[in-house]
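Here are the chains, one letter per residue:
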Amino acid sequence: MTTLNPFKIAQEQLDAAAQRLGLDSATHELLRWPQKELIVTIPIQMDDGKVRVFHGYRVQYNYARGPAKGGLRWHPEETIDTVRALAAWMTWKTAVVDIPLGGGKGGVTCNPKEMSETEKQRLARGYIRAVASMLSVTKDVPAPDVYTTPQIMAWMMDEYETLVGEHHPGVITGKPIPLGGSEGRGDATARGGIYVTREAAKVLGIDLREKTMAIQGFGNAGQHAALLGHELLGLKLVAVSDSRGGIYNPKGMDVKQAVDYKLRTGRLEGFPGAESISNEELLQLDVTVLFPSALENTITSSNAGKIRCKISCELANGPTTPEADDILYQNGVFVLPDFLANAGGVTVSYFEQVQNTYNFYWPLDEVHRRLDEKMTRAFHGVYQLYLKEKVTMRQAAYLVSVARVAEACKLRGWV
Ligand code: NAD
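What counts as what
- Residues numbered from 1 in each chain as written.
- Predicted model: local features only at pLDDT ≥ 70, side-chain atom pairs only at ≥ 80, totals over all residues.
- Heavy atoms only, no water.
- Helix = DSSP H or I, 4+ residues; strand = E, 2+ residues; numbered from the N terminus.
- Rg over C-alpha atoms; globule rule 2.2 N^0.38 Å.
- Buried < 20%, exposed > 50% of the residue type's maximum accessible area, 1.4 Å probe, protein only.
- Contact = heavy atoms within 4.5 Å.
- Salt bridge = Lys/Arg side-chain N within 4 Å of Asp/Glu carboxyl O.
- Phe/Tyr/Trp six-rings, centres within 6.5 Å; stacked < 30°, edge-to-face > 60°.
- Lys NZ or Arg CZ within 6 Å of the ring centre and 35° of its normal.
- Pairing = 2+ DSSP bridges.
- Axes fitted to C-alpha atoms, helices over the stretch in contact; angles between N-to-C directions.
- Core = buried A, V, L, I, M, F, W, Y, C linked by side-chain atoms within 4.5 Å.
- Domains from an automatic or database assignment.

So, about the overall build of the protein chain. Check the secondary structure of the protein chain and you find 14 helices and 12 strands. Its C-alpha atoms give the protein chain a radius of gyration of 20 Å, near enough to 22 Å, the size a compact globule of 415 residues would have. C-alpha extents for the protein chain along the principal axes are approximately 55 × 55 × 45 Å. Expressed as a percentage of the 415 residues in the protein chain, the buried residues total 59%. Long-range contacts, defined as pairs at least 24 residues apart, comprise 70% of the intrachain contacts of the protein chain with a sequence gap of at least 6.

The following block contains the structure:
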C-alpha cells in the first residue's frame, strides 16, 4: 500500500524501474537515497523585533552526472521528505533531457504570504549562510520553485558572492536578467511542457487547435502554460484554479485577461463571465489537455477514475500517485510525466549556467530553439520506449533516466 509521503512514492517508482532494468542491488540501494543532505535552523529577526527560527533543508540526491541542481521551495508544509522526493525527481529530470547535471533540491518551512519583503530578504540571506558549504557552481546550484522568485534568487546570489568575495553568478539560476539571468527562463517550465504536449498530440493524431485546456495551479508554471498553450497550440482555456478555488467558462476565457486579473487581484474568483469551480471538479472536466501545475498528490486512487482529459501534462512535480498512474493508463489518459513535462525549467537554468560561465549571453530565439530541440528529443526517446516496453510514459521515462544515472555511477567506480 502506497503512502502519500512523496519520498516513499519516489522510492517506489525507482524500485519498479530498477527491477525492470535488472539493476544490481548496490546500484539500486545507492539510487534509493540522497547522497548528501543538510538540515539547518535559521534564526531571523522579524519586522516586529522578535526572532523566529525557521527550518531549512538542502538535499543533493545524486551528483554522478554533474553538480546537483534543483529549486528552493518556501512552503508551510515543506519537510525533509518532500525535499528528498523533489531532489530525486530532479536527478531523473536532468538525466531524461540529458544535461550534464545531477539532482538536488532545497526548501524552508515558512509561509511567504505572511512575510514582508524585508523579512523574505533576511530569510534568503540567512538560508544561504546556513547552507553555503553545500553550494558552488561545481557542487550544487539552486533555482526558484514554489513561492520563491527571481528577486529571492538575486538576494541569495548576492549573499553567496559576499561570503566568497568574488562574482559567481552561476551559483544560482532563475536570476533577474540584469544580474545574469537567461532570456526565456521565466516561462521555460511551461514552454517545455507545451513543446512535449505538441509532440504528444502529433503521435496521438490530435489536432489541438480550438481544443480545450484546464489548468490547476496558477503561478509561474500555470500562468505561462495558459498563455503559451493558447499562443503556440491554439488551445482554449476553459478552467483554471489556485489554492483558493477555481473558475470555469465552457466557452473559453481570454487568457491574457485571466493572467492580468490574477496578478492584479491575487485571486481568480470574481473573474468576469466565469462561474466558480472547485479544484476537484476542474480535474474531472472533459478537456483535451489538463495541466496539473500546483503541488504533489493531486491525482490519487480516489479521483483518477474520474479524470477525462486526453493528455495530462504534469507541470507540477509529483501530482499523480502510482496507483492513480495505473488507473490513468488503463483508461487511456496519455500522461506526460512530471520530470519530462516540466524539465524545460532546469534546461534553461542549465543554459543560464553555461552563459554565466562564458559571460556571453544568447538572444531569446536561440534559447527557444535549443529548448525545443532538447524537449523534443527527450519526448521521442521516452515515447519509443513506451511503445517498445508497453509501460506507462512515467515508467518509460524512469527507464531512460535511471539507466543513465546508473551508468555514470558505474563508470565512476562507485558500484
Ligand atoms: P508558484 O508559487 O509560482 O505557483 C503555485 C501555484 O499553485 C499558485 O497559483 C498557488 O495558488 C497554487 N496552488 C497551491 N496549492 C494549491 C492547491 N491545493 N490547489 C490548487 N492550486 C494550488 O509555483 P510554480 O513555480 O508555478 O510551481 C508549481 C509546480 O510546478 C510545483 O510543483 C513546482 O515544483 C513545479 N515546477 C516549477 C518549476 C519552475 O521553474 N517554477 C519547474 C519545474 C517544476
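What follows covers the pattern of salt bridges. The tally for this structure, following the rule as stated, stands at 28 salt bridges. For E159, the salt bridge identified is with R129, shortest N-O distance 3.1 Å. Here E159 is found in helix α5 (residues 150-164), whereas its partner R129 is found in helix α4 (residues 117-131), with 30 residues between them in sequence. A salt bridge links K388 to E389; the shortest N-O distance between them is 3.9 Å. For E389, a relative accessible area of 29% corresponds to the partly exposed category. Several salt bridges share partner residues, and in doing so they unite R73, K105, D145 and E296 into one network.

What follows covers the packing of aromatic side chains. With the rule as written, the count across this model stands at 12 aromatic pairs. Ring centres of F334 and Y386 lie 5.6 Å apart, and the angle between their planes is 85°; this geometry places the pair in the edge-to-face category. You can see F334 sitting in strand β12 (residues 334-336) and its partner Y386 sitting in helix α13 (residues 364-389), a full 52 residues away along the chain. The two residues F334 and Y386 agree in class, both being buried. Sitting over the face of the ring of W362, R370 holds its NZ or CZ atom 4.4 Å from the ring centroid.

Taken in spatial order, the 7 strands of this open sheet run β9-β8-β7-β6-β10-β11-β12, and their pairing is mixed. Each end of this open sheet is capped by a strand with a single partner; those strands are β9 (275-277) and β12. Taken over all neighbouring pairs, the strand axes of this sheet differ in orientation by 20° on average, direction set aside. Two elements, strand β8 (residues 245-253) and β9, share 3 bridges in a ladder whose sense is antiparallel. Within β9, the residue paired with G246 across the bridge is I277. The sheet contacts of helix α7 (residues 220-233) involve β6 (212-216), β7 (236-242) and β10 (289-292), and relative to β6 the element is tilted by about 170°.

Turning to unusual backbone geometry, a few remarks are in order. The phi dihedral of D98 falls on the positive side, at around 55°, and the residue is not glycine. Topologically, D98 is positioned in the loop between α3 (80-96) and β4 (103-109). Positive phi outside glycine occurs at N297, with the angle close to 55°. With respect to the secondary-structure elements, N297 resides in the loop between β10 and β11 (311-313). A relative accessible area of 22% means that N297 is categorised as partly exposed.

Attention now goes to the sheet that holds strand β5 (residues 140-144). Reading across from one edge, β1-β2-β4-β3-β5 is the order of the 5 strands in this open sheet, with mixed pairing throughout. Two strands bound the open sheet, and with one partner strand each, they are β1 (36-45) and β5. Across the sheet, the mean angle separating the axes of adjacent strands is 20° when strand polarity is ignored. Pairing analysis gives 4 bridges linking strand β3 (residues 68-75) to β4, with the strands arranged parallel. Each residue of the ladder has a partner; that of L72, found in β4, is G106. The strands touched by α4 are β1, β2 (51-62), β3 and β4; relative to β1, the strand with the most contacts, the crossing angle is about 140°.

On to the nonpolar core, then. The biggest cluster of nonpolar side chains holds 85 residues, and the ones touching the most others in it are W92, F291 and L336. Viewed by domain, this core spans two of them, domain 1 (35-171) and domain 2 (188-341), each represented by three or more residues. Not counting chain neighbours up to four residues away, the residues in contact with L336 comprise V196, T197, A200, I311, S312, C313, E314, A341, F379 and M393. By size, the runner-up hydrophobic cluster in this structure holds 25 residues, among which are I44, L72, V108 and V131.

Moving on to the pairing of β10. Burial along β10 is two-sided: the face carrying V289 and F291 and the face carrying L290 and P292 are both buried. Summarising the sheet, β6 and β10 pair through 4 bridges and their orientation is parallel. Across the sheet, A214 pairs through a bridge with L290, a residue of β10. The pairing of β10 with β11 spans 2 bridges and is parallel. When the sheet's bridge partners are listed, V289 is paired in β11 with I311.

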